[in-house]
Amino acid sequence: MKRIGVLTSGGDAPGMNAAIRAVVRTAIFHGLEVVGILRGYAGLIYGEFKELSISSVGDIIHRGGTILLTARSQEFMTPEGRTQAVKMLQHRGIDGLVVIGGDGSFRGAVTLHEHGIKVVGVPGTIDNDIPCTDFTIGFDTAVNTVVDAINKLRDTATSHERVFLVEVMGRNSGQIALAAGIAGGAESILIPEYAPNFAEVSEKILRGRDRGKLHSIILVAEGVGSALEVSKEIEERTGLDTRVTILGHIQRGGTPTAFDRMLASRMGAKAVELLLEGVSNHMVGIVNNTIVSHEIEWALSLKKAIDADVYQLAGMLSI
Ligand code: F6P
């Protein structure tokens, strides 16, 4: 292997730049050339390539977003798009590819592997919804962003004695809501993995009021549905004044935490080492603080479960 490519695809996540930096510097350390592919699979189809040097990834470890830009490519879903992407890689003499992204990006990686390209995936998504890894790059930063928002909302919620519903990202996953809810001391956490019990949520709010509690913070993962709808339900049941905050894409930005930078550095380096060993169709993960790798298709056949103990803990600490 002489020359590898790296791309970021799907939703961006804080720490992706640290992963790109690790890929580039590890590859150069081992004598490889590195090509950055812009705009994910879309850029791959159109040959948007850029040679990367040691210094081209300087001063990016602390930056959110991705210097390679990202996209969700419909064209890559078609057989023609994929054939064109493979041709581009072959034409540019790229022997291996590191794909940094979420589950959709990993599915793309599998199809490239089926076309004979050596590919390794690095999990980069704030959702933390990829199996075979305890954490994905960007999750920790997003959780900290949500906790910061909860701290601020709690001030105004207390002053006005209101119930706040905070909608957080996580397409089909309650990972962000659960972690931020526990760390932010939320009264209830609604996640798609467990059916919402509005009666219980409302009773808990009213019990808190009886004890003299002035505020209530309810976290709603977007996979559960709209926080606006949930707020109507809660208002009807409690008769209390509610407000809704949808945090949206603010969760995807910002300087990555030290945890995410470290994770991205370790995972990016491992991806290059796997390619050098001739491994393909694998994703990097971290399990019990050890960097591991698993076959992508196998990993994607699993469903990342919510830790039931952690979910119960959330309920117990917010009685
Ligand atoms: O997968 C990451 C994610 O941020 C999800 O949490 C969210 O549902 C989705 O991307 C939003 O995607 P887009 O930025 O394309 O609207």
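Let me begin by describing the structure that accompanies this report. Everything numeric here is computed off the predicted structure, so don't read it as measured data. (Residues numbered from 1 in each chain as written. Predicted model: local features only at pLDDT ≥ 70, side-chain atom pairs only at ≥ 80, totals over all residues. Heavy atoms only, no water.)

Regarding the nonpolar core
- Ile176, Ile217 and Leu219 are the most contacted members of the largest nonpolar core, which totals 60 residues.
- Examining the composition of this core, we find that nine residues originate from one element, helix 5 (residues 139-160), more than from any other.
- Two domains each provide a minimum of three residues to this core, namely domain 1 (3-138 + 256-300) and domain 2 (140-252).
- Counting residues in each nonpolar core, the second largest holds 27 residues, with Phe76, Ala85, Ile94 and Ile130 among its members. (Core = buried A, V, L, I, M, F, W, Y, C linked by side-chain atoms within 4.5 Å. Buried < 20%, exposed > 50% of the residue type's maximum accessible area, 1.4 Å probe, protein only. Helix = DSSP H or I, 4+ residues; strand = E, 2+ residues; numbered from the N terminus. Domains from an automatic or database assignment.)

Considerations on the pattern of salt bridges
- All chains considered together, the criterion is met by eleven salt bridges.
- A salt bridge links glutamate 51 to arginine 3; the shortest N-O distance between them is 2.9 Å. Placement of the pair is glutamate 51 in strand 3 (residues 49-52) and arginine 3 in strand 1 (residues 3-8), with a sequence separation of 48 residues.
- A salt bridge links arginine 237 to glutamate 233; its shortest N-O distance comes to 3.1 Å. A residue pair is termed a helical-turn pair when its members lie 3 or 4 positions apart in one helix, as arginine 237 and glutamate 233 do in helix 8 (residues 227-238) at four residues.
- One salt-bridge network, in which partners are shared between bridges, spans Arg3, Glu33 and Glu51. (Salt bridge = Lys/Arg side-chain N within 4 Å of Asp/Glu carboxyl O.)

A closer look at the site of the ligand
- The environment of the ligand is formed by Arg72, Thr125, Asp127, Met169, Gly170, Arg171, Glu222, His249 and Arg252.
- Here arginine 72 contributes a side-chain N or O atom positioned 2.9 Å from an oxygen atom of the ligand.
- Each residue belonging to the shell around the ligand can be placed in one class, and the counts come to one nonpolar, three polar and five charged. (Near = heavy atom within 4 Å. Polar contact = N/O pair within 3.5 Å; in protein donor to acceptor, adjacent residues only side chain to side chain. Nonpolar A, V, L, I, M, F, W, Y, C, P; charged D, E, K, R; others polar.)

Some details on the sheet that holds strand 3
- Taken together, the seven strands give an open sheet; going across it, the order is 3-2-1-4-5-10-11, and neighbouring strands pair in mixed fashion. Looking at strand neighbours, the two that pair on one side only are strand 3 and strand 11 (290-295), the edges of this open sheet. The mean inter-strand angle of the sheet, taken between neighbouring strand axes irrespective of direction, is 30°.
- As paired elements, strand 1 and strand 4 (residues 96-101) share five bridges and run parallel to each other. Bridge pairing in strand 4 places threonine 8 opposite isoleucine 100. (Pairing = 2+ DSSP bridges. Axes fitted to C-alpha atoms, helices over the stretch in contact; angles between N-to-C directions.)

Regarding the packing of aromatic side chains
- Taken as a whole, this structure holds four aromatic pairs when the rule is applied.
- On the numbers, 4.1 Å between centres and 10° between planes, the contact of tyrosine 41 with phenylalanine 76 is stacked. On the criterion of sequence distance, the pair formed by tyrosine 41 in helix 2 (residues 40-45) and phenylalanine 76 in the loop between strand 3 and helix 3 (79-91) is long-range, its members being 35 residues apart.
- When the ring of tyrosine 194 is compared with that of tyrosine 311, the centres are 3.8 Å apart and the planes differ by 5°; the resulting orientation is stacked. Of this pair, tyrosine 194 sits in the loop between strand 7 (188-190) and helix 7 (198-210) while tyrosine 311 sits in helix 11 (residues 308-317), and the two are 117 residues apart along the sequence. (Phe/Tyr/Trp six-rings, centres within 6.5 Å; stacked < 30°, edge-to-face > 60°.)

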